[in-house]
Amino acid sequence: NPTRLHYHLQRAILDQTYGISTNFITIARDVATNELIAWAWLTRGKYMPYADEEMAVAEFAHVDLRLSPRQRITMLAQIIEQWIAWCDLHKIPVLSSTTIREEQSAFMRLHKQYGFSVRGSFAYRRIKE
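Let me sum up the structure you'll find in this document. For every chain, the first residue of its written sequence is number 1, and the numbers climb from 1 along that sequence. Selection of residues for local features in this predicted model requires a pLDDT of at least 70, selection of side-chain atom pairs for listing and counting requires 80 or more, and totals for whole chains, interfaces and linings are taken over all residues. Processing note: side-chain calculations cover all non-hydrogen atoms of the structure and skip hydrogens and water entirely.

### As for unusual backbone geometry
Most peptide bonds are trans, and most residues other than glycine sit at a negative phi.
Here is step 1: Notably, Asn-34 is not glycine yet its phi reads approximately 65°, a positive angle.
Here is step 2: Mapped onto the fold, Asn-34 is located in the loop between strand E1 (23–29) and strand E2 (36–46). Helical segments are the DSSP runs of H or I of at least four residues, strand segments are the runs of E of at least two, and each set is numbered from the N terminus.

Okay, here's the thing in structure tokens:
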């Protein structure tokens, strides 16, 4: 539902504007054309029902599917690196990422390369012990 997405994304942008540590929304543009080629959204303040540690949760990571597979993986790797750094900066102990894509093996392998524990389409990483 695009309207629902726009509503929540606009609220997150507003929250980030006035509270820099509440959400982390990033974009990437093509240098030559200035066209949007990727964007990502990470939010904090989530908890599992059985744990008292705060989590940052990846709400969205989108890369333009017209890019080559290598370019898409590179962009996703940069997004994950930024998420890890943001969690470290704001002392968020756990980072969680999921996917609903049918083809998810490369995305989940990328998470494993960054030290995430992967369970099906869910990945989580403890930022610091």
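### Concerning the pairing of strand E3 (residues 55–63)
Here is step 1: Bridging between E2 and E3 involves 8 bridges; their strand directions are antiparallel. Bridge pairing in E3 links Ala-40 to Ala-61.
Here is step 2: By this definition, two strands are paired if DSSP reports at least two bridges between them. Note that E3 and strand E4 (residues 94–98) share 3 bridges and pair parallel. Note that in E4 the partner of Ala-56 across the bridge is Leu-95.
Here is step 3: Whether a crossover is right-handed comes down to one check: with the strands pointing away from the viewer, does the path from the first strand over the helix to the second run clockwise; if it does, it is right-handed. For the crossover that starts at E3, traverses helix H2 (residues 69–89) and ends in the parallel E4, the hand is right-handed.

### Looking at the nonpolar core
Here is step 1: Here, nonpolar core refers to any group of buried Ala, Val, Leu, Ile, Met, Phe, Trp, Tyr and Cys residues whose side-chain atoms link them within 4.5 Å. Only protein chains enter the accessibility calculation, which uses a 1.4 Å probe. A residue is then buried if its area is under 20% of the maximum for its type, exposed if over 50%, and partly exposed in between. Ranked by internal contacts, the top residues of the largest apolar core, which has 28 residues, are Leu-42, Val-63, Met-75, Trp-83, Cys-87, Leu-95 and Phe-116.
Here is step 2: Those elements that place two or more of their residues in this core are E1, E2, E3, H2 and helix H3 (105–113).
Here is step 3: Not counting chain neighbours up to four residues away, the residues in contact with Leu-42 comprise Asn-23, Phe-24, Ala-56, Val-57, Ala-58, Glu-59, Trp-83, Trp-86, Cys-87 and Leu-95.
Here is step 4: In terms of nonpolar packing, the next biggest core, distinct from the first, is built from 5 residues, Leu-9, Ile-25, Trp-39 and Trp-41 among them. Contacts between residues were defined by any pair of non-hydrogen atoms, one from each residue, lying within 4.5 Å.

### Some details on the layout of surface pockets
Here is step 1: A pocket here means an open set of points on a 1 Å grid, computed over the protein atoms alone, that has protein on both sides within 12 Å along at least five of seven lines. A cavity is instead a set of points where a 1.4 Å probe fits but cannot get out; residues with an atom within 4 Å of a point line either one. Grid points are joined across faces, edges and corners, and a volume is the space filled by probe spheres set on the points. Taken as a whole, the largest pocket spans an internal volume of roughly 690 Å³.
Here is step 2: Taken together, 23 residues make up the lining of the largest pocket; nearest its centre are Ala-61, Leu-76, Thr-99, Arg-101 and Phe-107.
Here is step 3: For the lining of the largest pocket, the secondary structure elements donating two or more residues are E3, H2, E4 and H3.
Here is step 4: When grouped by side-chain class, the residues that make up the lining of the largest pocket number 13 nonpolar, 6 polar and 4 charged.
Here is step 5: Of the volumes computed, that of the second largest pocket is approximately 260 Å³.
Here is step 6: Lining the second largest pocket, in full, are Met-48, Tyr-50, Ala-51, Glu-53, Met-55, Val-94, Ser-96, Phe-122, Ala-123, Tyr-124 and Arg-126.
Here is step 7: When contributions to the lining of the second largest pocket are tallied by element, the ones reaching two or more residues are E4 and strand E6 (122–126).
Here is step 8: Here the lining of the second largest pocket gets 4 residues from one element, more than from any other, and that element is E6. Note that Gly is not counted as nonpolar here; it falls among the polar residues with everything else outside the nonpolar set of Ala, Val, Leu, Ile, Met, Phe, Trp, Tyr, Cys and Pro and the charged set of Asp, Glu, Lys and Arg.

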